[in-house]
Every structure is written in C-alpha cells, then in structure tokens.
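Here is how the chains run, residue by residue.
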Amino acid sequence: MSSNFTITRICHICGNEFLAKTTVTMYCSQHCRKQNQMAQERKAKLARSEAEVKILKEVNTTKQRAPILNKDILLVKDVANLMGCSTKAVYNMINDGRIKASNLGEDRLKWLS
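Residues numbered from 1 in each chain as written. Predicted model: local features only at pLDDT ≥ 70, side-chain atom pairs only at ≥ 80, totals over all residues. Heavy atoms only, no water.

K.L.:
Just to check I follow, could you spell out the packing of helix α2 (residues 76-83) against helix α3 (residues 87-96) for this structure?
P.N.:
Any two packed helices are characterised by the angle at which their axes cross and by the distance between the axes. The N-to-C vectors of α2 and α3 enclose an angle of 105°; their axes lie 8 Å apart at closest approach. As the angle between them shows, α2 and α3 are arranged roughly perpendicular. For the pair formed by α2 and α3, the contact residues are V76, K77, V79, A80 and M83 on the first element and T87, V90, Y91, M93 and I94 on the second. Taken together, the residues of the contact of α2 with α3 break down into eight nonpolar, one polar and one charged. (Axes fitted to C-alpha atoms, helices over the stretch in contact; angles between N-to-C directions. Helix = DSSP H or I, 4+ residues; strand = E, 2+ residues; numbered from the N terminus. Parallel < 35°, antiparallel > 145°, perpendicular 65-115°, else oblique. Contact = heavy atoms within 4.5 Å. Nonpolar A, V, L, I, M, F, W, Y, C, P; charged D, E, K, R; others polar.)

K.L.:
Whenever I open this one, the state of the cysteines confuses me. Can you help?
P.N.:
What is meant by a disulfide is a covalent connection between two cysteines, made through their sulfur atoms. In the structure shown here, the tally under the stated rule is zero disulfides. Not engaged in a disulfide, the cysteine C14 finds its nearest cysteine sulfur in C28; these two sulfurs lie 3.6 Å apart. Exposure remark for C14: the relative accessible area of 36% places this residue in the partly exposed category. (Disulfide = S-S within 2.5 Å. Buried < 20%, exposed > 50% of the residue type's maximum accessible area, 1.4 Å probe, protein only.)

Take it as geometry only, folks, not as evidence of what the structure does.
Rendered as structure tokens:
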C-alpha cells in the first residue's frame, strides 16, 4: 500500500539518510536490506554451532566421567578430572582437610608391620 507522504529516515546498515514511503522502512536500498538478512542468518548459524559444541562437550564430559564413577578407589588425577581442577589443587584440598583421603602406600605398610 502506497502513501502520499515521505519520511526522512536513517538506514540501519549504512547510516545514510533516505526518504521512506512507509513508517516501517529501515533500509535505504535492497543492498542494505540483504546485508541485514545475511547478518541475521550468520548470527543464527553461529548460535546453532555454539549449541552443538555445548552439547558435544557435555556428552564427552559424561563419557569421561562414567568409567571414573564406577571405580571403588579414586586416584588424585580421577578426582581432579571430576572436579575440573588440577591435581595440585586436589592435593591442597586433601592437606586442608576439605577432602578425606587415604594414602594406600602408607596404609599397606602399617598392615605389614
């Protein structure tokens, strides 16, 4: 539907002033409209890609943790993997008493004597 008036607008893409025939026109040309459309498609593709990567990371993390959780005894590196920290951080937590741990080498020596 055409109107009998024109409105001075500023293009959302290039910033140039133009005369629009409707109140909803946002772009000065087909070229600017197409640039906006391509930018929206690019954003959508990036969002889909990021979502896929997030899902794959969760699946890989779950696959890595499943065998660890089935163990009777966890090593320091297993605990670090589960907690997502370094082995040094786990040792610091053990020394601070935040994690209960046993040194199997020392315990075995106690049994032998």
